[in-house]
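Structural features, examined
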Amino acid sequence: MKIKMAFELLFWVVLIASFCLQYGDGRMTLSITDFLSDSDNTNADHSQAFQDAWKALCKAKGGKEAPSLIIHANETYTVRPQLFQGPCVSRNLHIRIDGTIEAPKTVREWGSQRSEYWLCFERVTGLVLDGSGLLNPHGAAWWSSVAANSRPEAMRFSGCKDIIYNGLTQLDSPKIHIAISGCINATLSNLHLIAPANSPNTDGIDISFSHNIRILSSSIKTGDDCVAIRGGSYDINVTRVTCGPGHGISIGSLGREGATDTVQNVNVRHCTFTGTQNGARIKTWDGGRGFAKNILYEDITLINAQFPIIIDQHYCNGGHCTTATAVKVSDVTFRYFKGTCADAIAIKLDCDQKVGCDNIVMEHINITSSAPKTPLSAYCQFANVIRRFVNIPIRCGSHKLLQPLAPYSDQPPSPYPQPQPPAPHAQSSMFSSFLYFM
Ligand SMILES: *[C@@H]1O[C@H](CO)[C@@H](O)[C@H](O)[C@H]1NC(C)=O
Ligand SMILES: *[C@@H]1O[C@H](CO)[C@@H](O)[C@H](O)[C@H]1NC(C)=O
Ligand SMILES: *[C@@H]1O[C@H](CO)[C@@H](O)[C@H](O)[C@H]1NC(C)=O
Ligand SMILES: *[C@@H]1O[C@H](CO)[C@@H](O)[C@H](O)[C@H]1NC(C)=O
């Protein structure tokens, strides 16, 4: 009797334990090594193992912890273009890359069906992609030998939701390092994107048709835009990003080939531009429609940046400017800019005569020339500018001043206010006034 009970107990213990192991803490950790075939030792293409690992990860049922795939620091793999397609079964997935993933070193080895990307996550929700690893698509092979519009992006998130991408280093993309397209709610942080200053079209991060996107605490040194925010995007924050070399943080270009593009609610804060061609830029095509509005650039440090502040509503890239229509630019604030400028024109507002730029606020701007004793100037056409504490005189040629300009101020700009520690009882004013009356 006792023996039977003991066996029954043992049976239940084993059953519950195995259930817990499988589902209870939901831990499923895959490794690429689980999917390598014998030929992979001699064959330097691990694409199939990556596809098999993704299929297993995407099919896995999530428990308390997300199913995960780990690439250890001692692992290096070579893959051709990879599409990691969702939707997946689990609400959360984790891919940790501490090792190195690279592409074949020659364009030919990428395969006959070259694609628009090297690595692409499509319609994936709840992915955390992190680690201290390196992604190297060896883009230099493409820069000289393939036309710009046929070069692939290194990493693309397309139609994704609730994405975290943190910690990795990406080297030498053939084109854009990271493209975010049609995504909702993504946080990119602690990334390092590196390509030579003269590498063509190697933007850091391009965002289009996406919203609720944060780019945080990253360093972007590439040959083109540091971050570009394109049409169909709103609620975008870029915070504590250091740029340079590169072309600065741009809204646009918008309205290309007569397109209607809209961008709104963008905050670029606590960013540094070192040796960049531009700093804060809004660039819209001649002949386009739509708008760019509610945009803030705040607490910006410039170190030898060529054109720190630019709005160009007549972008036509050397083509024939028609000035038929333009993308409306309004409610743009540039504040707490400091540092040095490499060119003579620190502020350029080249707006359209009919559409114009409205409510452009400039305050606390102290930009000086990198060359000693060189005065800086501003160019301004058809912009309605409100300015306070700007150390460069701005006189706008304009037919559509809606408000008179504030008088030019010689008062020194004040430094960006440092965050103060909260005063005691600061959160509860009712409570503190209550104390006051006691
Ligand atoms: C690689 O690193 C992992 C985890 O750090 C370890 O378990 C594994 O044995 C290592 N593999 C080799 C081949 O050194
Ligand atoms: C955004 O994504 C993060 C990470 O997956 C998630 O924790 C957060 O709840 C999401 N926010 C919204 C508003 O869905
Ligand atoms: C951007 O920052 C502002 C101000 O801190 C905040 O209110 C807003 O929710 C942020 N937006 C996103 C997409 O995180
Ligand atoms: C403006 O910048 C210059 C050069 O960095 C500095 O010497 C000066 O003190 C600054 N002015 C104010 C008011 O901060």
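Residues numbered from 1 in each chain as written. Chains lettered and ligands numbered in written order. Predicted model: local features only at pLDDT ≥ 70, side-chain atom pairs only at ≥ 80, totals over all residues.

A few words on the environment of L69. The residue L69 is located in strand β2 (residues 68–71) in this model. Sequence-wise, L69 and T29 are 40 residues apart; in three dimensions their C-alpha atoms are separated by 5.6 Å. Non-local contacts of L69, meaning those with residues more than four positions away in its chain, are made with L30, A53, L57 and I95. (Helix = DSSP H or I, 4+ residues; strand = E, 2+ residues; numbered from the N terminus. Contact = placed C-beta atoms within 7 Å.)

Mapped onto this numbering, the UniProt entry gives "active site" (unreviewed entry) at H247. With respect to the helices and strands, the residue H247 is situated in the loop between β19 (233–243) and β20 (249–254). Apart from residues no more than four positions distant in its own chain, H247 is found in contact with D224, D225, C226, T276, Q277 and N278. (UniProt positions renumbered as here; feature names shortened; annotations may be inferred.)

Neighbouring ligand 2 are G126, D162, I164 and N185. A breakdown of the residues in the shell around ligand 2 according to their chemical character gives one nonpolar, two polar and one charged. (Near = placed C-beta within 6 Å. Nonpolar A, V, L, I, M, F, W, Y, C, P; charged D, E, K, R; others polar.)

Strands sit in the order β4-β7-β10-β13-β16-β18-β20-β22-β24-β26-β28 across an open sheet of eleven strands; the sheet is parallel. With partners counted over all chains shown, the strands left at the sheet margins are β4 (82–85) and β28 (377–381), one partner each. Sheet twist, expressed as the average angle between the axes of neighbouring strands with direction ignored, equals 15°. As paired strands, strand β7 (residues 117–122) and strand β10 (residues 153–158) are joined by five bridges and run parallel to one another. If you follow C120 over to β10, its bridge partner there is R156. (Pairing = 2+ DSSP bridges. Axes fitted to C-alpha atoms, helices over the stretch in contact; angles between N-to-C directions.)

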